[in-house]
Structures are given as structure tokens and as C-alpha cells.
Amino acid sequence: MALVYLSLGSNIEPDKHIRAALQALAAAFPGMKASPVYESEAVGFDGDNFYNLVVQVDTGSTVAELSRFLRQLEDAHGRVRGGERFSARTLDIDILTCDDKVGVIDGIELPRREILKNAFVLLPLADIAPAARHPVANKTYRELWQAFDKSKQKLWMVELPDA
């Protein structure tokens, strides 16, 4: 089994899509753990605010198999592909890390660069796995968050309303 961290984001009906994704992931990965949900302004384009969080799963799947599953989950929630890289999303799920793998694994770059660049990825990762170490930076996610320039990106914790 591999320990995997996934980032989830949505800015189109985020309550609906994040909740549905969490239900699907919990069904597929018993024992899944989720960070708090954060809201942040869109990065790289003008758009509605995003909801973001990180989940931890254990899986026996390869990176390729997991990636296919996540793409199917995104597609099931109306994800439109082929548009601009920075644009509105019903659901975006990225593999952040898979154990301590480094490099391009099954076409996926690990660890994902956004961990060190975006508060909306690093803070929830630090919440869910504060003592885990980034496989390249060799610092804990708590240490990385403490050193992060928090003035670059604003985010705040939100509660998903009841369905």
C-alpha cells in the first residue's frame, strides 16, 4: 500500500462538488483522512473563489491507475478539459505525493510543484500531515508552512454546509 496525498479544488458549485468528491473518495479508500476546507481567491485568472483541501489515502493502485480513477471522478462531476490551464473548475484532483517517490511516475511529476508554491495546497497538507517530510525539500510540511510567505496568497477556513 502506498500513502498518497491528493489536493482537491473547486470554484463552480464548490459545496456540491467537494462534498461529492469526498464521498466518492471515502468509498474508494476506506480510512481516508481529510484536512479542513479552505477558501481562497483564484490564482492565475480572475474568477470565483476556490474551495481547496487535501486528503490522505492508502492505495494499492499504481500512480497511473490512481490518476485514471481521479480523472474519471473529475469527469463525472462535469470537468471540462482542453480549456485554459488557469480557469474555473467543477472539480480538480491532483496527486501531490505517493510515498517518497520523486520524478515522473506514470506521466505524473512527483512531488507536485504546487506544494511549495501555493498556500491552498501547503496549508491543508501541513494540517493533515504536519510531521511528514517533503521528499525533495526534506523539511516537514509544518516547517514549510511556517516559512511560507503568507502575504502572497490569502485563504481562510470554511465549513461545507450540510447537504
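Provided above is the structure to which this section pertains.
Keep in mind the model is a prediction, meaning the values are calculated, not measured. (Residues numbered from 1 in each chain as written. Predicted model: local features only at pLDDT ≥ 70, side-chain atom pairs only at ≥ 80, totals over all residues. Heavy atoms only, no water.)

Peer 1: I tried to follow the overall build of the protein on my own but got confused; where do I start?
Peer 2: Tallying secondary structure elements over the protein gives five helices and eight strands in all. For 163 residues, the compact-globule estimate of 2.2 N^0.38 gives 15 Å, and the protein sits close to it at 15 Å. Considered along the principal axes of its C-alpha atoms, the protein spans approximately 35 × 35 × 30 Å. For the protein, the residues scored as buried account for 48% of the 163 residues in total. Within the protein, contacts between residues at least 6 apart in sequence are counted, and of these 66% link residues at least 24 apart. Accessible surface, the protein: about 8500 Å² in total, of which carbon and sulfur atoms supply 50%. On the protein, the mean spot of the 19 positive side-chain charges and the mean spot of the 23 negative ones are 5 Å from each other. (Helix = DSSP H or I, 4+ residues; strand = E, 2+ residues; numbered from the N terminus. Rg over C-alpha atoms; globule rule 2.2 N^0.38 Å. Buried < 20%, exposed > 50% of the residue type's maximum accessible area, 1.4 Å probe, protein only. Contact = heavy atoms within 4.5 Å. Areas by Shrake-Rupley, 256 points an atom, 1.4 Å probe, with all protein chains shown as cover. Lys, Arg positive; Asp, Glu negative; His and termini not counted. Charge placed at Lys NZ, Arg CZ, Asp CG, Glu CD.)

Peer 1: I keep staring at the environment of alanine 126 and nothing clicks. Help me out?
Peer 2: Relative to the assigned elements, alanine 126 resides in helix H4 (residues 119–128). The class of alanine 126 is buried, set by a relative accessible area of 9%. Considering only alpha carbons, one finds alanine 126 and tyrosine 141, 15 residues apart in sequence, at a separation of 4.7 Å. Apart from the residues lying within four places of it in its own chain, the contact partners of alanine 126 are Tyr141, Arg142 and Trp145.

Peer 1: Sorry if this is basic, but what is going on with unusual backbone geometry here?
Peer 2: Among all residues except glycine, the phi angle is most often negative; among peptide bonds, the trans geometry is most common. In this chain, leucine 110 is followed by proline 111 through a cis amide linkage whose omega measures -10°. In the Ramachandran plot, glutamate 13 falls in the positive-phi region, its phi being about 45° despite a non-glycine side chain. Inspection of the secondary structure puts glutamate 13 in the loop between strand E1 (2–10) and helix H1 (14–28). Even without being a glycine, aspartate 106 presents a positive backbone phi close to 50°. The residue aspartate 106 is located in the loop between strand E6 (103–105) and strand E7 (108–110) in this model. Looking at aspartate 106, the relative accessible area reads 47%, which means it is partly exposed.

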